Amino acid sequence: MSLGVEPTSGTGLVDSFGRVHTDLRISLTDRCSLRCTYCMPEQGNVWLTRSSIMSADEIAHVARVAADLGVTSFRLTGGEPLLRVDLAEIVSRVAALRSGGAPVEVTLTTNGIGLASRIDELVAAGLSRVNISIDTVRADRFLSLTKRDRLADVLEGIGAAAASSLRPLKLNAVAMRGVNDDELVDLVELAVAHDAEMRFIEQMPLDAGHQWDRSTMLTRDEILAVLGERWSLAPVPGRGDAPAERFVLDTGPHTVGVIASVTAPFCSACNRLRLTADGQVRSCLFATDELDLLQSLRDETLPEADRDVAVETVLRRSVGAKLAGHAINDPLFLQPVRGMNAIGG
Ligand code: SAM
Ligand code: SF4
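Residues numbered from 1 in each chain as written. Chains lettered and ligands numbered in written order. Predicted model: local features only at pLDDT ≥ 70, side-chain atom pairs only at ≥ 80, totals over all residues. Heavy atoms only, no water.

S.K.: Looking at this structure, how should I read helix α4 (residues 139–146)?
M.R.: Structurally, the α-helix is built with 3.6 residues per turn, so residues lying three or four positions apart point the same way. Regarding α4, the residues found buried are R141, F142, L145 and T146. Looking straight down α4, one finds that the buried residues subtend no more than 110° of arc, so they occupy a single side. Along its buried surface, α4 packs onto α5 (151–163). (Buried < 20%, exposed > 50% of the residue type's maximum accessible area, 1.4 Å probe, protein only. Helix = DSSP H or I, 4+ residues; strand = E, 2+ residues; numbered from the N terminus. Arc of directions from axis to C-beta. Contact = heavy atoms within 4.5 Å.)

S.K.: Explain the site of ligand 1 to me, please; I cannot follow it from the model alone.
M.R.: Ligand 1 sits among 18 residues. The nearest are Y38, G79, E80, S133 and M204. In this structure, an oxygen atom belonging to ligand 1 sits 2.6 Å away from a side-chain N or O atom of S133. Between ligand 1 and M204, the relevant distance is 2.8 Å, taken from a nitrogen atom to a main-chain nitrogen or oxygen of the residue. Expressed as a share of its isolated accessible area of 540 Å², the protein-covered part of ligand 1 is 95%. Of all the secondary structure elements, the ones that give two or more residues to the shell around ligand 1 are β5 (105–110), β7 (169–175) and β8 (196–202). Here the residues of the shell around ligand 1 are counted per class, giving 6 nonpolar, 10 polar and 2 charged. (Near = heavy atom within 4 Å. Polar contact = N/O pair within 3.5 Å; in protein donor to acceptor, adjacent residues only side chain to side chain. Areas by Shrake-Rupley, 256 points an atom, 1.4 Å probe, with all protein chains shown as cover. Nonpolar A, V, L, I, M, F, W, Y, C, P; charged D, E, K, R; others polar.)

S.K.: Would you mind going over unusual backbone geometry with me for this structure?
M.R.: What is expected of a backbone is that most residues other than glycine have negative phi and most peptide bonds are trans. The omega torsion across R167 and P168 is -5°, close enough to zero to call that bond cis. Inspection of the secondary structure puts P168 in the loop between α5 and β7. The omega angle of the peptide bond from G252 to P253 is 10°, so this bond is cis rather than trans. Following the sequence through the fold, P253 ends up in the loop between β10 (245–249) and β11 (255–259). Phi is positive for D195, close to 55°, though the residue is something other than glycine. Of note, D195 is situated in the loop between α6 (184–193) and β8.

S.K.: I keep staring at the pairing of β5 and nothing clicks. Help me out?
M.R.: Two faces make up the sheet, and in a regular strand the side chains alternate between them. The element β5 is largely enclosed, with a buried count of 5 among its 6 residues. In terms of strand pairing, strand β2 (residues 73–77) meets β5 through 4 bridges, oriented parallel. Residue pairing in the sheet places F74 in a bridge with V106 of β5. Pairing of β5 with strand β6 (residues 129–133), which is carried by 4 bridges, proceeds in the parallel orientation. Each bridged residue has a counterpart across the sheet, and for T107 the counterpart in β6 is R129. Between the parallel pair β5 and β6, the chain is carried across by helix α3 (residues 119–125), and the sense of this crossover is right-handed. (Pairing = 2+ DSSP bridges. Right-handed = clockwise from strand over helix to strand, strands pointing away.)

S.K.: For this particular structure, what's the right way to read the pairing of β7?
M.R.: Within β7, 7 of the 7 residues are buried, leaving the element largely enclosed by the surrounding structure. Here β7 shows no split at all, with L169, L171, A173 and A175 on one side and K170, N172 and V174 on the other all buried. Relative to β7, β6 is paired through 3 bridges, and the arrangement is parallel. In the strand pairing of β7, I132 is matched with L171. In the sheet, β7 pairs with β8 via 7 bridges, with the strands oriented parallel.

S.K.: Quick question: what am I supposed to make of the sheet that holds strand β13 (residues 280–282) here?
M.R.: Strand order across the open sheet formed by 12 strands is β9-β10-β11-β8-β7-β6-β5-β2-β1-β12-β13-β14, with mixed pairing between neighbours. Strand pairing shows two members of the sheet lacking a second neighbour, β9 (233–235) and β14 (291–292), which therefore form its edges. Sitting on the sheet, helix α7 (residues 220–228) touches β7, β8, β9, β10 and β11, and the angle it makes with β11 is about 160°. (Axes fitted to C-alpha atoms, helices over the stretch in contact; angles between N-to-C directions.)

S.K.: It is not clear to me how the nonpolar core should be interpreted in this structure. Could you clarify?
M.R.: Soluble, globular proteins show a tendency: their nonpolar side chains are buried together. If you look at the biggest cluster of nonpolar residues, it comprises 98 residues, and the most contacted ones within it are F74 and F200. Among the elements that make up this core, the one with the highest residue count is helix α1 (residues 56–68) (7 residues). Setting aside residues no more than four positions away along its own chain, F74 makes contact with L24, I26, A63, A66, A67, V94, V104, E105, V106 and T107. (Core = buried A, V, L, I, M, F, W, Y, C linked by side-chain atoms within 4.5 Å.)

S.K.: Would you take a moment to explain the confidence of the model for the chain for this structure?
M.R.: Caution applies to low-pLDDT regions: their predicted coordinates should not be interpreted in detail. This prediction gives the chain a mean pLDDT of 93; 97% of its residues lie at or above 70. Ignoring residues within four places in sequence, the model shows residues 1–8, a span with pLDDT below 50, making 18 contacts including any to other chains. (pLDDT = per-residue confidence, 0-100.)

Structural data, given as structure tokens:
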């Protein structure tokens, strides 16, 4: 069997620019309990078919092959991963893997709705950390931004995460001009009160409605200018391959992060690969092409060992074809067809 690239046993997922891929983001569903305007439309969503969504077995299979190829960190995302009833099983099966002889890390990105009642089972299953998204602390604004009246549920989820052993705890907000730009300080204070790090994300052109407009995006520099009026911000050294630039608030210990994918891209240090809920591998959030892994996973004519080789081959092909950067700032940039909810943030 040949899929075009023969796997090279013993080597990691290294692309043609020398970037070593150790982080796999797995989307568990494209569905969600919210409808954040920058992510998906309120109505008219065309959902992935249930039969195309990877099962816990299939996710564990890909994760095992990826761990053997040097992936050490798995982030479960979506859509909303808490909508998967088998989330704890997925966490536990991925968390049981080892990469290079060491345990892997399993983290979750969630809107927090329903987290409170499930956090104990997720911790017991081996979850390492959680990131919770919250763009506003005002109920009316939350409703207009997410089309759902669920701020209290998100806050409950944040409270449960703060009370758990999961650390460091991170909160994410997309910063938007005229939407929540007057709440940046309030959001940092919410995070500090929960022993968490607030991270502001520049809005990216990944909305399913393709309405992104650079002028409504709040830039890294604008975010830092607002925060700088309230706190002194000392850069935290040693960013490594992390997407967030981090700053200590005053004398610490609390910190804030800024993820400036648009105005200060960090592609040259990117170590991330993505797997959509329907088993497509993407080498970049902004990739316009995907490689099908589902077919290899479901090919029952292949013995298990050959299916492993097929999965490895697809992962290597995706990494091998990865471009240097996302080119959002190129005039010829083309937004991916899928919205963020279907790619996995
Ligand atoms: N539902 C979960 C949540 O909201 O955390 C996980 C999936 S969501 C797609 C992951 C992250 O992507 C969230 O922090 C969300 O704010 C962010 N996101 C979604 N659309 C975005 C966009 N257009 N630009 C920047 N960040 C975006
Ligand atoms: Fe759902 Fe997360 Fe997208 Fe909001 S950002 S609509 S919570 S997937």
